[in-house]
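Descriptive structure summary
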2 protein chains.
Amino acid sequence: MNPEELTAYLHEKIPLTRAMELRVASANAAEFVVCAPLEANHNHLGTAFGGSLSALATVAGYAFIWHELGEASAHVVIRDSLMNFRRPVRSELRAICVPPQREDLESFRLDFARTGKARLKLAVQIGSSSDITAEFLGTYVALR
Amino acid sequence: MNPEELTAYLHEKIPLTRAMELRVASANAAEFVVCAPLEANHNHLGTAFGGSLSALATVAGYAFIWHELGEASAHVVIRDSLMNFRRPVRSELRAICVPPQREDLESFRLDFARTGKARLKLAVQIGSSSDITAEFLGTYVALR
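Residues numbered from 1 in each chain as written. Chains lettered and ligands numbered in written order. Predicted model: local features only at pLDDT ≥ 70, side-chain atom pairs only at ≥ 80, totals over all residues. Heavy atoms only, no water.

Overall, the coordinates contain 8 aromatic pairs over all chains when judged by the stated rule. Ring centres of Tyr9 of chain A and Trp66 of chain A lie 5.1 Å apart, and the angle between their planes is 85°; on these two criteria the pair is classed as edge-to-face. Here the residue Tyr9 of chain A occupies a position in helix H1 (residues 3–13), and Trp66 of chain A occupies one in helix H3 (residues 50–69), the gap between them amounting to 57 residues. For Tyr9 of chain A, a relative accessible area of 16% corresponds to the buried category. The class for Trp66 of chain A is buried, based on a relative accessible area of 1%. Put simply, the rings of Tyr9, Tyr62, Trp66 and Tyr140 of chain A pair up and form one aromatic cluster. The cationic tip of Arg144 of chain B hangs over the ring face of Phe112 of chain B; the distance from NZ or CZ to the ring centre is 4.8 Å. (Phe/Tyr/Trp six-rings, centres within 6.5 Å; stacked < 30°, edge-to-face > 60°. Helix = DSSP H or I, 4+ residues; strand = E, 2+ residues; numbered from the N terminus. Buried < 20%, exposed > 50% of the residue type's maximum accessible area, 1.4 Å probe, protein only. Lys NZ or Arg CZ within 6 Å of the ring centre and 35° of its normal.)

Structure follows, in structure tokens:
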């Protein structure tokens, strides 16, 4: 799925992503980015709401795995997540899914193909790689 | 603030809480509960979206602290959060803020009064105390 198809899929399946005005900005091996405007996602201080940042990072991980498996129908769930808020976010919310190590991704694909069940840890950075404002680490499980 | 006032404050200040149809169900020393309907917060599998659960728990912590300090104007931020998803949530999303130990709460109030800055760790349970479907642990900082 390309970014537009992934965005449409998310808006259809997870209504909160529509309310967040979330969109997949890029979805390829080199860069996987999901964004949302501050306007729909601010908090009582006018900066990004922590819950919106957690939701954005969670979705970035889901979308990365669907894209990776090449099938949005895979039953993907999140097991745990850790969020570290370094500094307030004062502009567009931007989540970058860090590509996992090649061997981790290969084990994930192989486990999924062989057993129909696979687990993957994904790191997501909020901001840009040179200016990280928050960090997320999530464990996802894919089931056929 | 009573539950209705807290709900109205949240809807006004954090627009995503309105989209989530989030409401503070009870806000007193014995019980602090924040809810949201599944309809507005489901995922691609028809169960509660992990991002909605994280956002709900985050808000439960914020609201607990505002209620505790008796002033919604306190500058409260979240530093980090940990979410552990045990099982899918198939009905209304319900977050219960676990009352902190009395001495932790007293240190928090004292630090805030003395120095204008205080830190508090809050545990939030999703589900009911007898049937916890997910757990959240967040560190909040209040500044005057």
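The structure having been displayed, the exposition proceeds.
On to the pattern of salt bridges. Inspection of every chain in the model, using the stated rule, returns 10 salt bridges over all chains. The residue Glu12 of chain A makes a salt bridge to Lys13 of chain A at a minimum N-O spacing of 4.0 Å. With relative accessibility at 54%, the residue Glu12 of chain A sits in the exposed group. Taking the relative accessible area as the measure of exposure, Lys13 of chain A reaches 28% and is therefore partly exposed. Across the salt bridge formed by Asp131 of chain B and Arg87 of chain B, the nearest N and O atoms sit 2.4 Å from each other. Of this pair, Asp131 of chain B sits in strand S6 (residues 131–143) while Arg87 of chain B sits in the loop between strand S3 (75–85) and strand S4 (93–97), and the two are 44 residues apart along the sequence. (Salt bridge = Lys/Arg side-chain N within 4 Å of Asp/Glu carboxyl O.)

This next bit is on unusual backbone geometry. Of note, the phi angle at Glu21 of chain A is positive, near 55°, even though the residue is not glycine. Among the structural elements, Glu21 of chain A can be located in the loop between helix H2 (15–19) and strand S1 (23–27).

Contacts between chain A and chain B engage 34 residues on the former and 34 residues on the latter. Both faces considered, chain A and chain B share a buried interface measuring about 2700 Å² in area, 66% of it formed by carbon and sulfur atoms. On the chain A side of the contact with chain B, Leu16, His44 and Phe49 of chain A bury the most area, a combined 25% of that side's loss. Put simply, chain A and chain B have 0 salt bridges between them. Summed over the shared surface of chain A and chain B, the result is 8 residue pairs in polar contact (both at pLDDT 80 or more). Listing elements by their share of the side of chain A that touches chain B, those giving two or more residues are H1, H2, H3 and strand S3 (75–85) of chain A. It is S3 of chain A that provides the largest number of residues to the side of chain A that touches chain B, a total of 11 residues. (Contact = heavy atoms within 4.5 Å. Buried area = accessible area lost by both parts, 1.4 Å probe. Polar contact = N/O pair within 3.5 Å; in protein donor to acceptor, adjacent residues only side chain to side chain.)

Moving on, we come to the sheet that holds strand S5 (residues 117–128) of chain B. Strand order in the open sheet formed by 12 strands is S1(A)-S2(A)-S4(A)-S5(A)-S6(A)-S3(A)-S3(B)-S6(B)-S5(B)-S4(B)-S2(B)-S1(B), with antiparallel pairing between adjacent strands. Looking at the sheet topology across the chains shown, the edges are occupied by S1 of chain A together with strand S1 (23–27) of chain B. On average, each strand axis in the sheet is tilted by 25° relative to the strand beside it, whichever way the strands run. Sheet topology note: the S1 of chain A/strand S2 (residues 32–36) of chain A ladder contains 4 bridges and is antiparallel. Paired with Ala27 of chain A across the two strands is Phe32 of chain A, which belongs to S2 of chain A. Each of strand S5 (117–128) and strand S6 (131–143) of chain A touches helix H4 (residues 102–115) of chain A; the most contacted strand, S5 of chain A, lies at about 145° to it. Contacts from helix H4 (residues 102–115) of chain B reach S5 and S6 of chain B, with the element oriented near 145° to S5 of chain B. (Pairing = 2+ DSSP bridges. Axes fitted to C-alpha atoms, helices over the stretch in contact; angles between N-to-C directions.)

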